[in-house]
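# Observations on chain architecture
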Amino acid sequence: MKSEGNKFQIVKADEVDLDVRTQVSEIFAEGFTQWLVFFSKNKNVIAKAFAHMFILDQFFVAIANGKIAGVTACTDGTKKSVRLNKKELRKHLGFFKGSMAGIF
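Residues numbered from 1 in each chain as written. Predicted model: local features only at pLDDT ≥ 70, side-chain atom pairs only at ≥ 80, totals over all residues. Heavy atoms only, no water.

Attention now goes to the overall build of the protein. Counting its secondary structure elements, the protein contains four helices and three strands. Element order for the protein, N to C, with α for helix and β for strand: β-α-α-β-β-α-α. Each of the three principal axes of the protein carries a C-alpha extent, and together these read 45 × 30 × 20 Å. Of all 104 residues assigned to the protein, the portion counted as buried reaches 37%. Taking contacts inside the protein between residues at least 6 apart in sequence as the whole, the part at least 24 apart equals 63%. Accessible surface computed for the protein: about 6900 Å², of which carbon and sulfur atoms make up 54%. Measuring between centres, the 16 positive side-chain charges of the protein sit 10 Å from its 10 negative side-chain charges. (Helix = DSSP H or I, 4+ residues; strand = E, 2+ residues; numbered from the N terminus. Buried < 20%, exposed > 50% of the residue type's maximum accessible area, 1.4 Å probe, protein only. Contact = heavy atoms within 4.5 Å. Areas by Shrake-Rupley, 256 points an atom, 1.4 Å probe, with all protein chains shown as cover. Lys, Arg positive; Asp, Glu negative; His and termini not counted. Charge placed at Lys NZ, Arg CZ, Asp CG, Glu CD.)

Here it is as structure tokens:
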């Protein structure tokens, strides 16, 4: 999938042949690490810790030049767009901080 010039292709995240979860989590970490600094100051750790949470059929991504340039969730309010897994959070953030992240 390639964009021409400054054009973006908008597609459902679960229909993309890219490493969607990794790229979406990197965008998430870039935007939210400042508020998640208690859990880690490292954007890569935040990205890995939260990569699992995105329910991809609830997201759309903007693709430019073969990479995800933006992401947004779109839900009807009856389904969640994210689901936290405490085990996965503990794996990346440690037992205490991972447990806390799963609560908040």
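This is not the end of the story, as more comes after the structure.
Turning our attention to the nonpolar core. Within the largest apolar cluster, 23 residues are counted, with the highest numbers of intra-cluster contacts made by Val 20, Phe 28, Ile 46, Phe 50, Phe 54, Val 61 and Leu 93. Those elements giving two or more residues to this core turn out to be α1 (20–32), α2 (43–50), β2 (59–64) and α3 (86–93). Apart from residues no more than four positions distant in its own chain, Leu 93 is found in contact with Phe 39, Val 45, Ala 49, Phe 50, Gly 98 and Ala 101. (Core = buried A, V, L, I, M, F, W, Y, C linked by side-chain atoms within 4.5 Å.)

The values are spatial; any link to function lies outside them.
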